[in-house]
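# A structural walkthrough
Here are the chains, one letter per residue:
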Amino acid sequence: MGRVAPRGRADHVVAVVAFDGVQLLDVTGPAEVLTTANGFGARYEVRVVSPSGADVRTSSGVRVGVDGALAGLPARLGTVVVPGRHDWRRAVSDQDLLALVEELARRSARGPPSTPPAVSP
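The paragraphs below set out a description of the structure included in this document. Note that the structure is a prediction, hence the values are computed from the model and not measured.

Thresholds, definitions, all that
Within each chain, residue numbers correspond to sequence positions counted from 1 in written order. Owing to the predicted nature of the model, reporting of local features is limited to residues with pLDDT of at least 70; listing and counting of side-chain atom pairs is limited to 80 or more, with chain, interface and lining totals taken over all residues. Heavy atoms throughout the structure, all of them, feed into the side-chain values; hydrogens and water do not. Should a side-chain nitrogen of Lys or Arg be within 4 Å of a carboxyl oxygen of Asp or Glu, the pair is scored as a salt bridge. Here the term buried applies to any residue with accessible area under 20% of the maximum for its type, exposed to any over 50%, and partly exposed to those in between, with areas from a 1.4 Å probe on protein chains only. A helix here means a DSSP run of H or I that spans at least four residues, while a strand means a run of E at least two residues long, and both kinds are numbered starting from the N terminus. Multiplying 1.5 Å by the residue count of a helix minus one yields the expected span of that helix. Whether two residues are in contact is decided by their heavy atoms: any pair within 4.5 Å suffices. At least two DSSP bridges between two strands are needed for those strands to be called paired.

What the rule picks out here adds up to four salt bridges. Between Arg 47 and Glu 45 there is a salt bridge, with its nearest N and O atoms 2.8 Å apart. Across the pair, Glu 45 and Arg 47 agree in class, each one buried. Here the salt bridges do not stand alone but share partners, grouping Glu 103, Arg 106 and Arg 107 into one network.

Okay, here's the thing in structure tokens:
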């Protein structure tokens, strides 16, 4: 996917989390909407990140390139987008993914709650 930024300095950095098994549209949809908004005056910089910084394979088998891992992001973020996965139990048991989401939430102005709700089996 690669980093998608407006011309000039971005006012709002958005981190989209990607991981193996993620639903493709849940990654590309928000990126497309936000970067389209840049054409109408918004100033979003969308960065796709994965727990390891490596590309991921989606639930449909499509490989998605990522911009990197947590270390490549600024200390403060505007928004965090955490896409879905059909097998959500596998996602919530992935400790690396959970650690990434928790740290992104801590750094962001908008995103998932800092304490995720309990998930019952």
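There is more to say after this.
Between its terminal C-alpha atoms helix H1 (residues 24–38) stretches 22 Å, which fits the 21 Å expected from 15 residues at 1.5 Å a residue. Looking only at H1, the buried set comprises Val 27, Gly 29, Ala 31, Leu 34 and Asn 38. Its buried side turned inward, H1 meets strand E1 (12–17), strand E2 (44–49) and strand E4 (63–64).

Below, the discussion takes up the pairing of strand E5 (residues 77–81). Most of E5 is tucked away, with five of its five residues classed as buried. Two strands pair when backbone bridges link them, and E1 and E5 are joined in this way by three bridges, in the parallel orientation. Across the sheet, residue Val 14 finds its bridge partner in E5, namely Thr 79. Strand direction decides the pairing type here: E5 and strand E6 (residues 108–110), joined by two bridges, are parallel. Bridge assignment links Leu 77 to a residue of E6, and that residue is Ser 108.

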